[in-house]
Amino acid sequence: MIRRITELSAKMAAESSDDPEALERRFQAAKGQSPRFLLLSPIHRSAQDLQVFRFGQGDAFHATRVTEQILPLPKNSPFLFAGPAAYNRQFPEKSGVIITFDLEEPGAVVRESIQHAAEHPDFKELPISAFRVDYEGASVRLIAHGFDRDYELENYVLKRVSKPDYLDDDTLAVLCSDSRVRPPLTPNGLPMAIQTLGAYLPAYNETLEETVQLNQFFGNWLSKESIERRIIVVVHGNFEGEGPPCGAAQASLSVEDIREDYLRRVIKVIDADARHAEENLAGTPEERAVTIGKVSLANLRTYPAVADAIKKGVLHEDFMRVLKMDTVTNVVSPYELEPL
Ligand SMILES: [Zn+2]
């Protein structure tokens, strides 16, 4: 399966080389990123959201929350939400935050999540647009709220709505929030995705709300009948000889330069975890990105629900892998040789 994911990514990249718009986006991606939107999606719908709003490469920086759970306050969700939202502050063309909810999510989840999102200091001057999405029916309903809104932007987004590819909820991708990297297609559709700075997944910590929520997510997911379940950690960078590195991996190599509070806190933890795992300190952002991927894989095993599933044989260690994605072409390759 992992080989098929890598083959599919190469095929997609080859097909889009005839498309002038895709080529222009790659050209821009090679120079940097300047996304207009910060998209905050439930894990199950993270990849589908890009298609629902027809966001192409470079359009949206991405953060995640656990489906059916209230987004925690920024201080209780540093890795999934607050860190990516703080990173987004530096982009000159940022024009709004888009938060999506699945059809079945309770009203309280919607209300309180929006309230908690609005608490983020870097959202103070950004309008928040919230939508409830019917992913199968391809329709979207605007959610009214009392925080800053931008009606023009909401209309722009609403007009773009289209039907996404199928959800492959046997596959979970952990990847960077970077607007230029997109969850890779699987033979069965679009994976679920957790998007964080550098594809870093924090270790389980019973006093940190977002990891408690993640553990519940893993527990629910791994209790479903399936033999095909897999987790891929997708790190990105200049893996094809040209183009830009992962900004978060690069930042972790010089933490002392970071001023913003939430961002520094997150990158500091990433750096400390990576240093701990590196025999020789990483010299390039690409080396660091790979270490972060390996750390995320190790941290996954600290979640009681994941450890339990591995012990019971529900989740096979061979089905947890690090993949490398080129920032510009989005072609993925395995970090290790695959036995498949
Ligand atoms: Zn990155």
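Before reading on, note that the structure itself is shown above.
Attention here is on the structure that accompanies the text. (Residues numbered from 1 in each chain as written. Predicted model: local features only at pLDDT ≥ 70, side-chain atom pairs only at ≥ 80, totals over all residues.)

1. Observations regarding the overall build of the protein
- On a plain count of helices and strands, the protein comes out with 11 helices and 10 strands.
- A globule of 340 residues ought to have a C-alpha radius of gyration of about 20 Å, and the protein, at 18 Å, matches this closely.
- Considered along the principal axes of its C-alpha atoms, the protein spans approximately 50 × 45 × 45 Å.
- Expressed as a percentage of the 340 residues in the protein, the buried residues total 47%.
- Within the protein, contacts between residues at least 6 apart in sequence are counted, and of these 69% link residues at least 24 apart. (Helix = DSSP H or I, 4+ residues; strand = E, 2+ residues; numbered from the N terminus. Rg over C-alpha atoms; globule rule 2.2 N^0.38 Å. Buried ≥ 20, exposed ≤ 12 C-beta atoms within 10 Å, placed from the backbone. Contact = placed C-beta atoms within 7 Å.)

2. Overview of the pairing of strand β6 (residues 167-176)
- β6 sits mainly inside the fold: seven of its 10 residues count as buried.
- In the sheet, β6 pairs with strand β7 (residues 190-196) via seven bridges, with the strands oriented parallel. Opposite L167, over in β7, you have L190 as the bridge partner.
- Of the strand pairs in this sheet, β6 and strand β8 (residues 230-237) are connected by five bridges, and their pairing is parallel. Looking across to β8, one finds that L172 is bridged to I231. (Pairing = 2+ DSSP bridges.)

3. Side note on the sheet that holds strand β3 (residues 96-102)
- One open sheet accounts for five strands, arranged β2-β1-β3-β4-β5; its pairing is mixed. Each end of this open sheet is capped by a strand with a single partner; those strands are β2 (60-65) and β5 (139-143). In this sheet, adjacent strand axes meet at a mean angle of 25 degrees when their direction is disregarded.
- In terms of strand pairing, strand β1 (residues 37-42) meets β2 through six bridges, oriented parallel. When the sheet's bridge partners are listed, L38 is paired in β2 with F61.
- On top of the sheet, helix α4 (residues 78-87) reaches β1 and β2; it is set at about 155 degrees to β2, its chief contact. (Axes fitted to C-alpha atoms, helices over the stretch in contact; angles between N-to-C directions.)

4. Here's the deal with the nonpolar core
- Ranked by size, the top nonpolar core spans 88 residues in total, and within it V97, V174, A199, V234, V235 and I292 carry the most contacts.
- The element that contributes the greatest number of residues to this core is α4, accounting for seven residues.
- Leaving out residues up to four positions away in the same chain, A199 has contacts with V174, L175, C176, V233, V234, V235, I292, G293 and S296. (Core = buried A, V, L, I, M, F, W, Y, C linked by C-beta atoms within 7 Å.)

5. Some thoughts on the packing of helix α7 (residues 209-222) against helix α11 (residues 304-312)
- Two elements in contact, α7 and α11, have axes separated by 7 Å at closest approach and are oriented at 30 degrees. With respect to α11, the axis of α7 lies roughly parallel. Facing α7, whose interface residues are N215, F218, G219 and L222, α11 presents P304, A305, V306 and A309. (Parallel < 35°, antiparallel > 145°, perpendicular 65-115°, else oblique.)

6. Focus: the sheet that holds β7
- Taken in spatial order, the five strands of this open sheet run β7-β6-β8-β9-β10, and their pairing is mixed. The sheet is open, and its two borders are formed by β7 and β10 (332-334), each paired with just one other strand. This sheet shows a mean twist of 30 degrees between the axes of neighbouring strands, independent of strand direction.
- Along the sheet face, helix α1 (residues 2-15) touches β8, β9 (320-326) and β10 and points at about 150 degrees away from the line of β10.

7. Comments concerning unusual backbone geometry
- With phi around 70 degrees, E68 is a residue other than glycine that occupies positive phi space.
- Along the chain, E68 falls in the loop between β2 and α4.
- Of note, the phi angle at A199 is positive, near 65 degrees, even though the residue is not glycine.
- In this structure, A199 sits in the loop between β7 and α7.

8. Some points on the pairing of β1
- The buried fraction of β1 amounts to six of the six residues, a majority that puts the element mostly inside the structure.
- Here β1 shows no split at all, with F37, L39 and S41 on one side and L38, L40 and P42 on the other all buried.
- A crossover connection joins β1 to the parallel β2 through helix α3 (residues 46-52); in handedness this β-α-β unit is right-handed.
- Alignment of β1 against β3, held across four bridges, turns out to be parallel. Bridge pairing in β3 links L39 to I98. (Right-handed = clockwise from strand over helix to strand, strands pointing away.)

9. Here we look at the environment of P20
- Inspection of the secondary structure puts P20 in helix α2 (residues 20-31).
- P20 gets classed as exposed once you count the C-beta atoms within 10 Å, which come to 7.
- Placed 132 residues apart in sequence, P20 and E152 show a C-alpha to C-alpha distance of 28 Å.

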